[in-house]
Amino acid sequence: LYSFEDMKGIPLSILAQLFGLITRIRNYCYDKAWLKSFSFAQKNVVVVGNLAVGGTGKSPFVNYLLQHWPEEASPVVLSRGYGRKTKGFIWANTHETAERIGDEPLTYRLQFPKISIALGENRVDAIQRILFEKPSTNSILLDDAFQHRALKASLNIVCTTYQRPFDQDELLPKGRLREGIEGIKRAHAIVMNRCPKDITKAEMNQIRFRFQTIAQWEIPVFFTGIIYGSPTGSEGNSLDHILKWSAIAGIAHPELFFQQIADQFDLMDCQTFPDHYQFSSNDLDRFEAKAAQMPENHGYITTFKDYVRLMPNLKKLPQLNKKLGYLPMQIYFIDQETEFLQWFAAELQKNK
């Protein structure tokens, strides 16, 4: 007999099986060319994607690629701009808001002001528009388009995390997978993000073997960790005098962020919001009122992605503006940075 807990999981299991059937049929139709995929000859179309929804470290990895792009000319970044209130194809301007282009593209814009950034839900149409308006473009870097099968990218890099690798997850809605793990066969490389500092070579080899078994070939597998900086406030101001923090996070799986604050400072309390959350006026009023009552050494800390969504309101919230900081972060490769950069440069040359 099934226990009550087993019975509760049956509907989700049925929905997950149905979802898996639908995605397998869709992928089969694309694999057989019954549904058309568009490619762009002599152009590098690089997709950084995942098999799971949210929280796999795509944005920090895109930042890394932009910092270390091997070609002389920078790529055009193309994003769907999840959470933006605009529609269709647009170019990101010099001064942007998360409402117009989305929080992740805004982080790219702030960190790489000279790079061209485009927004478009239909990636094929958007690439055609980019190449028409900027015909000298050599490479286009897309975040989160691995399941956009109408586009045949020249290079697919799939991100996953040490905490929840794709081969230990389940299909939506029971788990977080957008498609079955066999989808990894379309990838050209796998990057496991958020690895602990003490991960061993033996463990990395075991993970690499698992992934290559699923992919059915010796797909390159790379491992990265996270380095955090010091809390940074408005216009890059240091907040070193603040030692106690109330943490705010509207990202997928903020546990590592909260843990980092707890390890580095006194974490007083945490507030979690949905991924890409648009803070309401009530939220902002509550933050402002609490900031006004905080002692000098107490402040609010958040992620950079959350910070850029809060930025447009800070001029009207003087107490919060003084007390709010974000924790900078960047990825680093574990033992394989040179190997990855050589592999990535060679892959880009293949399409010349």
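Rules and cut-offs
Residues numbered from 1 in each chain as written. Predicted model: local features only at pLDDT ≥ 70, side-chain atom pairs only at ≥ 80, totals over all residues. Heavy atoms only, no water. Helix = DSSP H or I, 4+ residues; strand = E, 2+ residues; numbered from the N terminus. Rg over C-alpha atoms; globule rule 2.2 N^0.38 Å. Buried < 20%, exposed > 50% of the residue type's maximum accessible area, 1.4 Å probe, protein only. Contact = heavy atoms within 4.5 Å. Areas by Shrake-Rupley, 256 points an atom, 1.4 Å probe, with all protein chains shown as cover. Lys, Arg positive; Asp, Glu negative; His and termini not counted. Charge placed at Lys NZ, Arg CZ, Asp CG, Glu CD. Pairing = 2+ DSSP bridges. Axes fitted to C-alpha atoms, helices over the stretch in contact; angles between N-to-C directions. Patch = residues over 30% accessible without salt bridge, like charges linked within 9 Å, V, L, I, M, F, W, Y side chains within 5 Å. Salt bridge = Lys/Arg side-chain N within 4 Å of Asp/Glu carboxyl O. Phe/Tyr/Trp six-rings, centres within 6.5 Å; stacked < 30°, edge-to-face > 60°. Lys NZ or Arg CZ within 6 Å of the ring centre and 35° of its normal. Polar contact = N/O pair within 3.5 Å; in protein donor to acceptor, adjacent residues only side chain to side chain. Disulfide = S-S within 2.5 Å.

Peer 1: Would you mind showing me how to read the overall build of the protein here?
Peer 2: Within the protein, the regular secondary structure consists of eleven helices and 13 strands. For a compact globule of 352 residues, the expected C-alpha radius of gyration is about 20 Å, and the protein comes in at 21 Å, within 12% of that figure. Projected onto the principal axes, the alpha-carbon positions of the protein cover approximately 65 × 65 × 40 Å. In the protein, which comprises 352 residues, the share counted as buried stands at 51%. Excluding contacts between residues fewer than 6 apart, the proportion of contacts in the protein whose partners are at least 24 apart in sequence is 76%. Summed over all atoms, the accessible surface of the protein reaches about 17,500 Å², with 53% contributed by carbon and sulfur. In the protein, the 41 positive side-chain charges and the 38 negative ones have mean positions that sit 6 Å from each other.

Peer 1: How should the environment of Y307 be read in this particular structure?
Peer 2: By the element assignment, Y307 lies in helix α9 (residues 304-310). Since its relative accessible area comes to 4%, Y307 is described here as buried. Spatially, the C-alpha atom of Y307 lies 9.3 Å from that of A249, the residues being 58 residues apart in sequence. If we ignore the near neighbours within four places in the chain, the residues touching Y307 are G233, S234, T302, L314, L324, G325 and Y326.

Peer 1: What is the right way to read the sheet that holds strand β8 (residues 221-228) from this model?
Peer 2: Paired through their backbone hydrogen bonds, the strands of a sheet run either parallel or antiparallel. The mixed open sheet is built from nine strands, whose spatial order is β3-β4-β2-β5-β1-β6-β7-β8-β13. Of all the strands in the sheet, just β3 (90-91) and β13 (329-333) have a single pairing partner and so form its edges. In terms of strand pairing, β8 meets β13 through five bridges, oriented antiparallel. Within β13, the residue paired with I226 across the bridge is I331. The sheet strands contacting helix α4 (residues 103-111) are β2 (76-79), β4 (117-119) and β5 (139-143), and the helix crosses β4 at an angle near 165°. Running at roughly 150° to β5, helix α5 (residues 123-133) makes contact with β1 (44-50), β2, β3, β4 and β5 of the sheet.

Peer 1: Help me understand a nonpolar patch on the surface in this model?
Peer 2: On the surface, a nonpolar cluster with roughly 530 Å² of combined accessible area is contributed by L12, L15, L18, L21, I22 and I25. Examined against the element boundaries, L15 turns out to sit in helix α1 (residues 4-31). A relative accessible area of 44% means that L15 is categorised as partly exposed.

Peer 1: Explain the packing of aromatic side chains to me, please; I cannot follow it from the model alone.
Peer 2: Considering all chains together, one arrives at 25 aromatic pairs under this definition. With 5.2 Å between their ring centres and 85° between their planes, Y277 and F279 make a pair best called edge-to-face. Here Y277 falls in the partly exposed class, since its relative accessible area comes to 22%. Through a chain of ring-to-ring contacts, three or more aromatic side chains come together here, namely F61, Y64, W69, F222, F333, F340, W343 and F344. One cation-aromatic arrangement involves K36 over F38; the distance from NZ or CZ to the ring centre is 5.2 Å. A cation over a ring is seen here: R186 above F146, with NZ or CZ 4.3 Å from the ring centre.

Peer 1: How should I be thinking about the pattern of salt bridges in this particular structure?
Peer 2: Two side chains of opposite charge can pair, provided their charged atoms sit close to one another. One pass over the structure, following the stated rule, counts 18 salt bridges. The partner of D103 in a salt bridge is R309, with the nearest N and O atoms 2.5 Å apart. Here the residue D103 occupies a position in helix α4, and R309 occupies one in helix α9, the gap between them amounting to 206 residues. Taking relative accessible area as the criterion, D103 reaches 3% and is therefore assigned buried. Residue classification places R309 among the buried residues on the basis of a relative accessible area of 6%. Here R129 ties to E133 by a salt bridge, and the two come within 2.3 Å at their closest N and O atoms. Placement of the pair is R129 and E133 together in helix α5, with a separation of four residues, close to one helical turn. Exposure remark for E133: the relative accessible area of 36% places this residue in the partly exposed category. Within the structure, one salt-bridge network assembled from shared partners comprises D103, D306 and R309.

Peer 1: I tried to follow α4 on my own but got confused; where do I start?
Peer 2: Working note: α-helix, 3.6 residues per turn, so residues spaced by three or four point in the same direction. Among the nine residues in α4, seven count as buried, and that is most of the element. Among the residues making up α4, those that are buried are D103, E104, P105, L106, T107, Y108 and R109.

Peer 1: How should I be thinking about the side chain of E179 in this particular structure?
Peer 2: Take E179: it is sitting in the loop between β6 (155-161) and β7 (189-193). Given the relative accessible area of 2%, E179 is considered buried. Side chain to side chain, E179 and Q147 meet in a polar contact 2.8 Å long. Within polar-contact distance, the side chain of E179 engages the side chain of R186 at 2.9 Å. Aside from chain neighbours lying at most four places away, what touches E179 is F19, T23, N27, L51, F146, Q147, L171 and R186.

Peer 1: It is not clear to me how the state of the cysteines should be interpreted in this structure. Could you clarify?
Peer 2: What is meant by a disulfide is a covalent connection between two cysteines, made through their sulfur atoms. This model, assessed by the stated rule, comprises zero disulfides. Free of any disulfide, C159 has its nearest cysteine sulfur in C195, 11 Å distant. On the basis of relative accessibility, which here comes to 2%, the residue C159 falls in the buried class.

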